[in-house]
Amino acid sequence: MELPRNRFKHEIAAGTLQIGLWSQLAEATAAEVLADAGYDFVVIDAEHAPNDVLTAIPQLQVIDRSPTSAMVRMPWNDHVLIKRYLDIGAQTLLVPYVQNAEEARRAVFGVRYPPLGGRGVGTMHRANRYGRIKDYLTHAASEICLLVQVETAEALDRLEEIAAVEGLDGVFIGPSDLSASMGHVGNPNHPDVQAAIAEVPKRLKSIGKPAGILTPVEAEARGYIAAGYVYVAVGSDLGVLANQTAALAARFREPQTDKPGRRQA
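Not measured: the values here are computed from a predicted model.

1. Quick word on helix α4 (residues 79-87)
Working step 1: Along α4, the positions that sit buried rather than exposed are Ile 82, Tyr 85, Leu 86 and Asp 87.
Working step 2: Looking at where α4 begins, the residue whose side-chain oxygen comes 2.8 Å from the main-chain nitrogen of Val 80 is Asp 78.
Working step 3: Following α4 by one or two positions, Gly 89 adopts a phi angle in the positive range, close to 105 degrees.

2. Description of the packing of helix α2 (residues 28-35) against helix α3 (residues 53-64)
Working step 1: Following both chains from N to C, one finds α2 and α3 inclined at 25 degrees, their axes separated by 8 Å at the closest point. Regarding the angle of α2 to α3, the classification is roughly parallel. Judged by the twist between their axes, the crossing of α2 over α3 is right-handed. Contacts between α2 and α3 involve Ala 28, Ala 31, Glu 32 and Ala 35 on the former and, on the latter, Pro 58, Gln 59, Val 62 and Ile 63.
Working step 2: Across the contact of α2 with α3, the residue classes tally to six nonpolar, one polar and one charged.

3. Brief notes about the pairing of strand β8 (residues 231-236)
Working step 1: Summarising burial for β8: five of the six residues are buried, a large majority.
Working step 2: Looking at chain direction, strand β1 (residues 18-23) and β8 are connected through four bridges and run parallel. Bridge pairing in β8 places Gln 18 opposite Tyr 231.
Working step 3: Sheet topology note: the strand β7 (residues 211-214)/β8 ladder contains three bridges and is parallel. Each bridged residue has a counterpart across the sheet, and for Ile 213 the counterpart in β8 is Val 232.
Working step 4: Note on the crossover from β7 through helix α11 (residues 218-227) to β8: the handedness is right-handed.

The rules behind the values
- Residues numbered from 1 in each chain as written.
- Predicted model: local features only at pLDDT ≥ 70, side-chain atom pairs only at ≥ 80, totals over all residues.
- Heavy atoms only, no water.
- Buried < 20%, exposed > 50% of the residue type's maximum accessible area, 1.4 Å probe, protein only.
- Helix = DSSP H or I, 4+ residues; strand = E, 2+ residues; numbered from the N terminus.
- Polar contact = N/O pair within 3.5 Å; in protein donor to acceptor, adjacent residues only side chain to side chain.
- Axes fitted to C-alpha atoms, helices over the stretch in contact; angles between N-to-C directions.
- Parallel < 35°, antiparallel > 145°, perpendicular 65-115°, else oblique.
- Left-handed = near helix turned anticlockwise from the far one by under 90°.
- Contact = heavy atoms within 4.5 Å.
- Nonpolar A, V, L, I, M, F, W, Y, C, P; charged D, E, K, R; others polar.
- Pairing = 2+ DSSP bridges.
- Right-handed = clockwise from strand over helix to strand, strands pointing away.

Interpretation in functional terms is not warranted from these geometric data alone.
Below, the structure written as structure tokens:
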């Protein structure tokens, strides 16, 4: 049995635009619906959603059966947690709140086996298809995609040194936390924040690392794509559910005027 190819890793390395959706419902049926919806990637959020290793497994299983790539946003930059999510078969990890190059190297340390890193060596787990991928230990890193999240003004000042760390595949910008750290909490649309966000792809171009971002606003997403962002999450399952169910209910609460042909009670 061969090591699964990480399509997302290779597509962003080639600069091919990837459109994704955030998943916060922590439920396999919802993930299955998303997996067949036509997105390039779905993010299983274990930082701001009630996901853990046990809830992530069935979501990975249903997404892996689809053309869509799965990404897991880690709870934290911890090599023990990284090991656990890699062992259940996650091939693309997004590590939050990376502040400097040293913290980026810590994330790389977590995804690589010794002597290049500190990933614990398990001999039978979902990632190696329960021992059936015989060369997994020597080749796993080649298909692991590691992204780090830059989400403070301090980290943004160090963007180039973070992105230059060997073993990173890309940098993801977190607009909400970034705006808060810049003194504009709750206002990621502040001109200063948006100006900083727009510069990220230009700053990363010379290093050869693709940039990613999340926004539920279509006009913003299209603007980020035009600015050079390569992987863009354009909403979340929780947001779609909350907004669309409320909008549907509101339509049926609006006063209705009788029209010709309307059936009367």
